[in-house]
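# Structure at a glance
Chain by chain, the residues:
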Amino acid sequence: MPAIVISLVQSKVSKIKSPSTGRQLYRDATLNNFGLEVLAGGTMTFYRLGRILGQVTKFKLGNYPNIAVDLAREQCVKVNGLIAQGIDPRKKAKSTVKTLGDLWLWHYTHMVKGKIADEKKMLSLWDRVFTPWAKLGLDEIDRAMCVELQTKIRTTIGKTAKGHRTGGPGAANHAIDLLRSLYRTAHLNRWCDERDSPVRTIKKDHIRARDRFLQPSELQVFFDKLKLCTDVMQDVFKLALFTGVRRSNVCAARKVDVDLVNEIWTIPWAESKNRDPIRIRLIPQATEIFLARLDNRSEWFFPSWGKTGHLVDPKRQWHNLLERAELDDLRIHDLRRTIASWQAGAGTSLHIIAQSLGQNNMKTTPIYARLQDSVVRNAVHNAALLILDAAAEKKPENMESHLADTQQSLAGDTADTPS
């Protein structure tokens, strides 16, 4: 089949269908030698098309969706640059990276340090898990070793010196993700082929999305027992609830970042998880807490004697609060999910909830906005009434009264929301 010229962008590539037989080649409309080959079986592969040192050939860039469209395009441009310099991209580049430890050092220096929010977690993961493999060559690590490591981490649950939980399916997934990142870095630098990655075919464990938040029946006892905490802890936990801000950002709140006149709390990009500044619109309860804590002479709202200068992790105080309130399986981060869930229960759109939480990715917002059953039931019931009305059918006599009862019950549930 002749090649089809289209703009190879994510929105169009995701809609390309496989041919019934054979293969179909697509050329990019802007970068002429950037192409995508689609096989009848469904395999989609990006290629750099054209001559390499006088020889007409297709240079494989990667399979979609394992490699993103934009990344494949960047690789094609990079290959064009190498060819222009007389370098054959089909030959592996010489590198000082000989061991996994060397690869980690390069990866951490150029792609992790100062560039991602989870830098400390990734460094800690390397130190705890992969230090014994640091002197192994990239070709010495095989799939069996990785599967054994994955199983060991999944089944061995313990705690670090600081009391943080280690092991379990989630920790095993993080370890596999780090190895994949390392070998992807090696592949992009032409230190090894992507097919040489020992974790290429390893499946991660499925982790159920956490959906815990404070239920209506738990709110009264939670606030009653919260009064027994110190004033500092009361303010920390209330701020986490009333702003939906992550624990680390609450503990590291600085006076210079809070505009009490306009009631805006701006979390700097360096402190945010997505590396974008976050604007939190403060409600009166949160503003009162900040106003009450302006008297201390520190730059922090919650100063501490530690090396950071501010409170870091009030896990002991949180544990004591849960024991007094007799609440199980509740984390400080669940307060963030609580405020989002109650917003959803009040009929707030997911877009507004995402804005209140400072989220850029709308896909993660439903995880926080767990709707109450009465709200969902009411929405479906309203739709049923509209359907019956449109069909000009006689509604059941008790349907209108049942809807009124449901709305009255919902109004009663909303009235229990903490102020």
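Residues numbered from 1 in each chain as written. Predicted model: local features only at pLDDT ≥ 70, side-chain atom pairs only at ≥ 80, totals over all residues. Heavy atoms only, no water.

Another aspect to go through is the overall build of the chain. The helix and strand tally for the chain stands at 16 helices and ten strands. Pairs at least 24 residues apart make up 54% of the contacts formed inside the chain by residues separated by at least 6 positions. (Helix = DSSP H or I, 4+ residues; strand = E, 2+ residues; numbered from the N terminus. Contact = heavy atoms within 4.5 Å.)

Summed over all chains, the structure comprises ten salt bridges. In this structure, the salt-bridge partner of E37 is K58, at a minimum N-O distance of 2.8 Å. Pair noted here: E37 is in strand β3 (residues 34-39) and K58 is in strand β5 (residues 55-64), with a separation of 21 residues, a long-range link. We classify E37 as buried; its relative accessible area is 8%. Classification of K58 as partly exposed rests on a relative accessible area of 38%. With its nearest N and O atoms 3.8 Å apart, the salt bridge here joins D313 to R247. In this pair, D313 is assigned in the loop between α10 (284-292) and α11 (315-325) and R247 in helix α9 (residues 247-251), connecting sequence segments 66 residues apart. According to the relative accessible area criterion, D313 is partly exposed, its value standing at 25%. Connected through shared salt-bridge partners, R23, E37 and K58 make up one network. (Salt bridge = Lys/Arg side-chain N within 4 Å of Asp/Glu carboxyl O. Buried < 20%, exposed > 50% of the residue type's maximum accessible area, 1.4 Å probe, protein only.)

Residues apart from glycine generally show negative phi values, whereas peptide bonds are mostly found in trans. For the bond from Y64 to P65, the omega torsion is 10 degrees, close enough to zero to count as cis. Tracing the backbone through its elements, the reader meets P65 in the loop between β5 and α2 (69-84). At L53, a residue that is not glycine, the phi angle is positive and equals roughly 55 degrees. Within the secondary structure, L53 is located in the loop between β4 (44-52) and β5. With phi around 55 degrees, E263 is a residue other than glycine that occupies positive phi space.

All right, on to the pairing of strand β9 (residues 264-267) then. Relative to β9, strand β8 (residues 258-259) runs antiparallel, the two sharing two bridges. Within β9, the position partnered with D259 by the bridge is I264. The antiparallel pairing of β8 with β9 creates a hairpin that spans four residues between the two strands, and E263 there sits at a positive phi of about 55 degrees. Strand direction decides the pairing type here: β9 and strand β10 (residues 278-281), joined by four bridges, are antiparallel. When the sheet's bridge partners are listed, I264 is paired in β10 with R281. (Pairing = 2+ DSSP bridges.)

Counting 39 residues, the largest nonpolar core has F222, F237, V250, W265, F290 and W318 as the members making the most contacts within it. Elements represented by at least two residues in this core include exactly α7 (216-226), α8 (231-243), α9, β9, β10, α10, α11 and α12 (333-345). The element that contributes the greatest number of residues to this core is α8, accounting for seven residues. For F290, the contacting residues outside a window of four places in its chain are L239, A253, V258, L260, W265, L282 and F301. Counting residues in hydrophobic clusters, the runner-up holds 28 residues, among them L100, L138, C146 and V199. (Core = buried A, V, L, I, M, F, W, Y, C linked by side-chain atoms within 4.5 Å.)

One pass over the full model with this rule turns up twelve aromatic pairs. For the pair W126 and F130, a centre-to-centre distance of 5.9 Å together with 25 degrees between the ring planes defines the contact as stacked. Here W126 pairs with F130, and both are found in helix α4 (residues 119-130), just four residues apart, close to one helical turn. The exposure classification of W126 matches that of F130, with both residues buried. Among the aromatic residues, ring-to-ring pairing joins W104, Y108, W126, F130 and W133 into one connected group. Above the face of the Y47 ring, K58 is positioned so that its terminal group lies 4.7 Å from the ring centre. (Phe/Tyr/Trp six-rings, centres within 6.5 Å; stacked < 30°, edge-to-face > 60°. Lys NZ or Arg CZ within 6 Å of the ring centre and 35° of its normal.)

It is worth spelling out the packing of helix α3 (residues 100-112) against α4 at this point. Following both chains from N to C, one finds α3 and α4 inclined at 175 degrees, their axes separated by 12 Å at the closest point. As the angle between them shows, α3 and α4 are arranged roughly antiparallel. Mapping the contact onto sequence places L100, G101, W104, Y108 and V112 in α3 and E119, M122, L123 and W126 in α4. A per-class count over the contact of α3 with α4 returns seven nonpolar, one polar and one charged. (Axes fitted to C-alpha atoms, helices over the stretch in contact; angles between N-to-C directions. Parallel < 35°, antiparallel > 145°, perpendicular 65-115°, else oblique. Nonpolar A, V, L, I, M, F, W, Y, C, P; charged D, E, K, R; others polar.)

On to the pairing of strand β2 (residues 23-28), then. On β2, burial follows the alternation: Q24, Y26 and D28 on one face are buried, whereas R23, L25 and R27 on the facing-out side are not. As paired strands, strand β1 (residues 4-6) and β2 are joined by three bridges and run parallel to one another. Considered in β2, the bridge of I6 is made with D28. One ladder, built from five bridges, connects β2 with β3; its direction is antiparallel. Looking across to β3, one finds that L25 is bridged to E37.

Let us look at the packing of α3 against helix α6 (residues 169-188). Following both chains from N to C, one finds α3 and α6 inclined at 85 degrees, their axes separated by 10 Å at the closest point. Taken as axis vectors, α3 and α6 run roughly perpendicular relative to one another. In this structure, α3 contributes L100, L103, W104, W106, H107 and M111 to the contact, and α6 contributes L178, L179, S181, L182, Y183, T185 and A186. The class makeup of the residues in the contact of α3 with α6 is ten nonpolar, three polar and no charged.

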